[in-house]
Amino acid sequence: MKSLKVVFFLLFFIAGENLLAQAPDRVYVNNIATVRLHPAGNQLAMAIINLNSNDQLELSFDDLDGDTKYYYYTYQLCNSDWTPANLGQFDYIKGFTQNRITDYHYSAVALTRYTHYRIMLPDRNMYPTRSGNYIVKVFLNGDTSQLVFTKRLMVLDNKSDVNARIMQPFNPQYAETHQKIQFVVNAKGLDQLNPSQQIKVVVLQNSRWDNALTNLKPTMIRGSRLEYNNDNSIFPAGREWRWVDLRDFHLQSERVLTANYKRNSTDIYLKNDGPLAGMHYLYYTDLNGLYTIESTRDTNPYWEGDYATVYFSFVPPNGIAYPDKDIYLFGQLTNYNFTDSLKMIFNPDKKKYETRLFLKQGYYNYTYLAVDKNNPATYSEMDGNFFETENLYTILVYYKSFSSRADELIGIGNFNSRAEQPSLGF
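What you see is a predicted model; the values in this text were computed from it and never measured. (Residues numbered from 1 in each chain as written. Predicted model: local features only at pLDDT ≥ 70, side-chain atom pairs only at ≥ 80, totals over all residues. Heavy atoms only, no water.)

1. Regarding the overall build of the protein
Then comes step 1: In terms of regular secondary structure, the protein is built from 3 helices and 30 strands.
Then comes step 2: Projecting the C-alpha coordinates of the protein onto the three principal axes gives extents of approximately 65 × 60 × 50 Å.
Then comes step 3: Residues classed as buried in the protein amount to 51% of the 426 residues present.
Then comes step 4: Once local pairs closer than 6 in sequence are excluded, the contacts in the protein between residues at least 24 apart make up 73%.
Then comes step 5: When the accessible surface of the protein is split by element, carbon and sulfur atoms take 50% of a total near 20,900 Å².
Then comes step 6: Side chains of the protein carry 42 positive and 44 negative charges; the gap between the two charge centres is 3 Å. (Helix = DSSP H or I, 4+ residues; strand = E, 2+ residues; numbered from the N terminus. Buried < 20%, exposed > 50% of the residue type's maximum accessible area, 1.4 Å probe, protein only. Contact = heavy atoms within 4.5 Å. Areas by Shrake-Rupley, 256 points an atom, 1.4 Å probe, with all protein chains shown as cover. Lys, Arg positive; Asp, Glu negative; His and termini not counted. Charge placed at Lys NZ, Arg CZ, Asp CG, Glu CD.)

Given below as structure tokens:
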């Protein structure tokens, strides 16, 4: 009997470890592609809804097996740092704790066979009752251990105002290459015994979480007004993102070098890219690293859009591989990941880095990042950084009372770097 208790404890411990290890945005199986979660009708906005509202998010994905499966989803409430909150599901979900995704379409017209699944969130049979960070978990056959993918979702209970401005850093080292965020949070009517501990802020650049600013402390507190003017609240400004138009595989866009149209598939080869650092800054409208699913010919690109294997290549100076850097293709198209499978491979015969992605018809932004082999946590833009770059910043405000067991999301502010700088002409 004692041995059975030990085994049960180990299984419980392993399950808990796996829960904590689950990333907020990750695909766990190879047959799933083009996972999207965004407000209905707006592919470029973050997955945020207001508490107790009629706001709707659209969750969609493709199963490349092209058959029918029983996919379910549930919610996991998290704290501001995306660790699971110490609450049971019945404390933050009203209705069922899991729900099946029943809306699906088999691909039509496309050479690639797939099944497109879609659901609007929250469903009336299951919806979150608390504000905060949520992980949407999609799994097979009603079995939460058969996890397919996870996506971030945020529920806002607006109790604070956020005002910000984008400034040029005073430090000469960063003045021409970085952008500083100065902002004020006005948390009216909250029970704040210790605002610096109870209120947390997270600052995102272009909806990215890989370089989010956290653990920022207010430089001044005036009642319910918290002012943030930290010297470390700065971001590398980057450059406008590269782009490739894949809305029509046969109408080859400017960035396409050539294409190979086979009977059951399509290969698209893009023109060589190279580092842009050192070149003059040029402003143009971009998607800030995101992508949209679109098609110029099909009625509905979600289940009529085709897939292609898209080949990317990056040519280093003089065709010589970087001895101390790994090069990654980066953006929403790679889910902002640095996994080994996304690392570009240097081809000594062609003297360039190469990689390929299986992409659906659409319009894509991307860039290249160099990761230090000796310190993988350090990476840099291959295209340089310019203070004039257009970036979208999001400030998330969280609050936790001393009696609560989870962080509430009480405020959001969005600010555009160029709109905040009228002197920067378009």
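There is more to say after this.
2. A few points about the sheet that holds strand S9 (residues 115-121)
Then comes step 1: Taken in spatial order, the 4 strands line up as S2-S4-S9-S8 in an open sheet, and their pairing is antiparallel. Each edge of the open sheet is held by one strand with a lone partner, namely strand S2 (32-39) and strand S8 (103-106). Going from strand to strand, the sheet's axes swing by 15 degrees on average, the running direction of each strand aside.
Then comes step 2: Pairing geometry for strand S4 (residues 57-63) and S9, over 7 bridges, is antiparallel. Bridging from a neighbouring strand, Ser-60 pairs with Arg-118 of S9. (Pairing = 2+ DSSP bridges. Axes fitted to C-alpha atoms, helices over the stretch in contact; angles between N-to-C directions.)

3. So, the nonpolar core
Then comes step 1: Phe-61, Tyr-71, Tyr-73, Tyr-75, Leu-121 and Val-138 are the most contacted members of the largest nonpolar core, which has 31 residues in total.
Then comes step 2: For Tyr-75, the contacting residues outside a window of four places in its chain are Gln-89, Tyr-92, Ile-93, Leu-121, Pro-122, Met-126, Tyr-127, Pro-128, Tyr-134, Ile-135, Val-136 and Leu-153.
Then comes step 3: Membership of the second largest hydrophobic core comes to 30 residues, among which are Tyr-322, Leu-342, Tyr-368 and Met-382. (Core = buried A, V, L, I, M, F, W, Y, C linked by side-chain atoms within 4.5 Å.)

4. Brief notes about the sheet that holds strand S15 (residues 199-205)
Two modes of strand pairing occur in sheets, parallel and antiparallel, and in both the strands are linked by backbone hydrogen bonds.
Then comes step 1: Spatially, the 3 strands line up as an open sheet ordered S15-S29-S30, and their pairing is antiparallel. Because the sheet does not close on itself, it has two edges, and the strands there are S15 and strand S30 (408-416). Direction aside, the axes of adjacent strands within the sheet are offset by 15 degrees on average.
Then comes step 2: Bridge count for S15 against strand S29 (residues 392-399) is 7 bridges, and the pairing is antiparallel. Directly across from Gln-205, in S29, lies its bridge partner Tyr-393.

5. Some words on the packing of aromatic side chains
Then comes step 1: Across all of its chains, the model carries 28 aromatic pairs by this definition.
Then comes step 2: Seen in terms of ring centroids, Tyr-281 and Phe-386 are 5.6 Å apart; in terms of plane orientation they differ by 35 degrees. Their pairing is tilted. Of this pair, Tyr-281 sits in the loop between strand S21 (266-270) and strand S22 (291-293) while Phe-386 sits in the loop between strand S28 (379-381) and S29, placing them 105 residues apart in sequence.
Then comes step 3: Judged by its relative accessible area of 21%, Tyr-281 falls in the partly exposed class. (Phe/Tyr/Trp six-rings, centres within 6.5 Å; stacked < 30°, edge-to-face > 60°.)

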